[in-house]
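What the coordinates show
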Amino acid sequence: MSTEESVRIPFTDLRAMHEEVRTEIEAAWRDIIDRSAFVGGPAVTSFERAFADYCGADHCVGVGSGTDALRIALQAVGVNAGELVVTVSQTFIATVEAITQSGAAPVFVDVEPVTYTMDPDRVRDYLERGCLVRQGQLFDRLNGRRVVCLLPVDLYGQPADYERLLALAAHYDLRVVEDACQAHGARYDGRVCGTFGDVSAFSFYPGKNLGAMGEAGAIVTSDEAIARQCRILREHGQRDRYIHVTGAGSNARLDALQAVVLAAKLERLPRWNEARRRVVGWYRERLAGFDLVLPRERAGSQHVYHLFVVLTKDRERVRRALEARGIATGLHYPVPLHQQDAYRDVEYARGPLTVSERVSNEGLSLPMFPHMTRSQVDAVGDALDGVLQTVGP
Ligand SMILES: *Cc1c(COP(=O)(O)O)cnc(C)c1O
């Protein structure tokens, strides 16, 4: 195969997005270099205002990464060392790192078979049967630790089932931290992701739907006290310059060069998300009839397809056939967290994690980016002809 042909369809195309904003960003960067104000300052404040407005929330606190955002969000809602946070195993490791690094421990529940987001039935099973209430507080029956928080993930760009999760959280008096790191602009029941939990975490890693040109993240909340605490925690626990009110802080600030990139790209985000959804429409037409499970959208929600993940029992063969045609694919994620060495030493699972394991074993991420063309989508379909069985309509 010629080298020209070796990557015919990339997994994503950041360069095409950046060409749209290049002049704007170059001018903004020149201005920042002239003023030499690199950390915090008006560029950061102005992006924070714009992103809070975009989400429909009162506050946005820019931080250094999505991982920072999750860790600080958990600290800010008062999750303490030794406590338990209910989350999913089918996610990027940062979700759970944030829990263990704040001194708490995860409890894994399974995801829904259709949307792959936290299954409210499994959460209810755990809270009802796996926990007991003592003096108005909830404790895990197996290890006696206090259960304080739910941490659902809007996986691949699809919102979790917030109506049911928030009802459970209210009933059991749990805090909710939303991992919206893959779901910039996704909607559930008319509201934008990032507004469902007490507080939400976003990542602006370059490959995310809204990506920086380096590392960046944000915390979004409409709770004034939580926002204030996040601002303190992102900057060495300081309330005023060199006046520190907690030792739990760190250096987790957003820098100005990234803030202006994000501001420029935020203006294009609605159009880019629409473009992703258009690509999905083409995929649905071209891949109809193949023996593949296509992503399904929850009724009343708007998925933003950070990733387009199909399920196939024949993953390795399909993956090799696509790669032979120069079509890049990804696995998100090949080993669920409860089977990783990092989290294997403690028994965190509550109930079987059958769906999580299935998505992990059978999920294949196909190329997905706003500038993807219909002929590129057709080429993915052509590569699958003869590789995958077709099933009746
Ligand atoms: C990307 C991501 C994170 C972490 O974000 P970083 O900016 O890479 O630290 C956390 N959770 C999920 C679900 C992610 O996709």
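The preceding data block contains the structure.
Presented here is a report on the structure given in the accompanying data block. All figures in this text were calculated on a predicted structure; none of them were measured in a lab.

To continue, consider the overall build of the chain. Each helix and strand in the chain was counted, giving 12 helices and 16 strands. Over its C-alpha trace the chain gives a radius of gyration of 21 Å, about what one expects of a compact globule, namely 21 Å for 393 residues. The principal-axis extent of the C-alpha atoms belonging to the chain is close to 65 × 60 × 40 Å. Counting the 393 residues in the chain, one finds 55% classified as buried. Within the chain, residue pairs in contact and separated by at least 24 positions form 71% of the contacts whose partners lie at least 6 positions apart. Mean positive and mean negative side-chain charge positions of the chain (45 and 52 charges, respectively) differ by 1 Å.

As a further point, take the sheet that holds strand 2 (residues 84-88). Pairing is mixed in the open sheet, where seven strands are placed in the order 1-11-10-7-6-2-3. Looking at which strands have only one partner, the edges of the open sheet turn out to be strand 1 (59-63) and strand 3 (105-109). The sheet shows a mean angle of 30° between the axes of neighbouring strands, direction not considered. Taken together, the five bridges between strand 2 and strand 3 define a ladder with parallel strand orientation. Bridging from a neighbouring strand, Val-85 pairs with Pro-106 of strand 3. Across the face of the sheet, helix 3 (residues 42-55) comes into contact with strand 1, strand 10 (199-203) and strand 11 (217-221) while running at roughly 130° to strand 1. Together, strand 1, strand 7 (175-179), strand 10 and strand 11 form the strand contacts of helix 8 (residues 224-234), whose direction differs from that of strand 1 by roughly 15°.

Throughout the structure, instances matching the rule amount to 14 aromatic pairs. With a centroid separation of 5.7 Å and an interplanar angle of 25°, the aromatic rings of Phe-47 and Phe-51 are classed as stacked. In this pair, Phe-47 and Phe-51 both sit in helix 3, four residues apart, roughly one turn of the helix. Assigned by exposure class, Phe-47 and Phe-51 land together as buried. Their ring planes at 45° and their centres at 6.2 Å tell us that Tyr-305 and Phe-308 sit as a pair that is tilted. Following the ring pairs from residue to residue traces out a cluster consisting of Phe-47, Phe-51, Tyr-54, Phe-202 and Phe-204. Above the plane of the ring of Phe-139 lies Arg-134, whose end atom (NZ or CZ) is 4.3 Å from the centre.

A contiguous nonpolar patch, built from Ile-33, Phe-38 and Val-39 and spanning about 280 Å² of accessible area, is present on the exposed surface. Within the secondary structure layout, Phe-38 lies in the loop between helix 2 (14-35) and helix 3.

What follows covers unusual backbone geometry. The step from His-332 to Tyr-333 runs through a cis peptide bond, and the omega angle for that step is 10°. A positive phi angle, near 65°, is found at Tyr-116, a position not held by glycine. Here Tyr-116 is to be found in the loop between strand 3 and helix 6 (120-129). According to the relative accessible area criterion, Tyr-116 is buried, its value standing at 4%. The phi torsion at Asp-189 lies on the positive side, around 55°, for a residue other than glycine. Its location among the elements puts Asp-189 in the loop between strand 8 (187-188) and strand 9 (191-192).

Turning our attention to the environment of Gly-190. Of note, Gly-190 is situated in the loop between strand 8 and strand 9. By relative accessible area, Gly-190 is classed as exposed at 53%. Between the C-alpha atom of Gly-190 and that of Gln-302, which follows or precedes it by 112 residues, the distance is 8.6 Å.

Bringing the packing of helix 3 against helix 9 (residues 256-287) into the picture now. Contact geometry for helix 3 and helix 9: axes closest at 8 Å, N-to-C directions at 25°. Classified by the angle their axes make, helix 3 and helix 9 are roughly parallel. Two packed elements cross with a definite hand, and for helix 3 against helix 9 that hand is left-handed. Facing Ala-43, Val-44, Phe-47, Ala-50, Phe-51 and Tyr-54 of helix 3, the residues of helix 9 in contact are Ala-256, Ala-259, Val-260, Leu-262, Ala-263, Leu-266, Leu-269, Pro-270 and Asn-273. Split by residue class, the contact of helix 3 with helix 9 holds 14 nonpolar, one polar and no charged.

In this fold, Arg-278 is placed in helix 9. Residue classification places Arg-278 among the partly exposed residues on the basis of a relative accessible area of 47%.

Counted under the stated rule, the structure contains 29 salt bridges. One salt-bridge network, held together by shared partners, links Asp-119, Arg-122, Asp-125 and Arg-129.

Definitions and cut-offs
Residues numbered from 1 in each chain as written. Predicted model: local features only at pLDDT ≥ 70, side-chain atom pairs only at ≥ 80, totals over all residues. Heavy atoms only, no water. Helix = DSSP H or I, 4+ residues; strand = E, 2+ residues; numbered from the N terminus. Rg over C-alpha atoms; globule rule 2.2 N^0.38 Å. Buried < 20%, exposed > 50% of the residue type's maximum accessible area, 1.4 Å probe, protein only. Contact = heavy atoms within 4.5 Å. Lys, Arg positive; Asp, Glu negative; His and termini not counted. Charge placed at Lys NZ, Arg CZ, Asp CG, Glu CD. Pairing = 2+ DSSP bridges. Axes fitted to C-alpha atoms, helices over the stretch in contact; angles between N-to-C directions. Phe/Tyr/Trp six-rings, centres within 6.5 Å; stacked < 30°, edge-to-face > 60°. Lys NZ or Arg CZ within 6 Å of the ring centre and 35° of its normal. Patch = residues over 30% accessible without salt bridge, like charges linked within 9 Å, V, L, I, M, F, W, Y side chains within 5 Å. Areas by Shrake-Rupley, 256 points an atom, 1.4 Å probe, with all protein chains shown as cover. Salt bridge = Lys/Arg side-chain N within 4 Å of Asp/Glu carboxyl O. Parallel < 35°, antiparallel > 145°, perpendicular 65-115°, else oblique. Left-handed = near helix turned anticlockwise from the far one by under 90°. Nonpolar A, V, L, I, M, F, W, Y, C, P; charged D, E, K, R; others polar.

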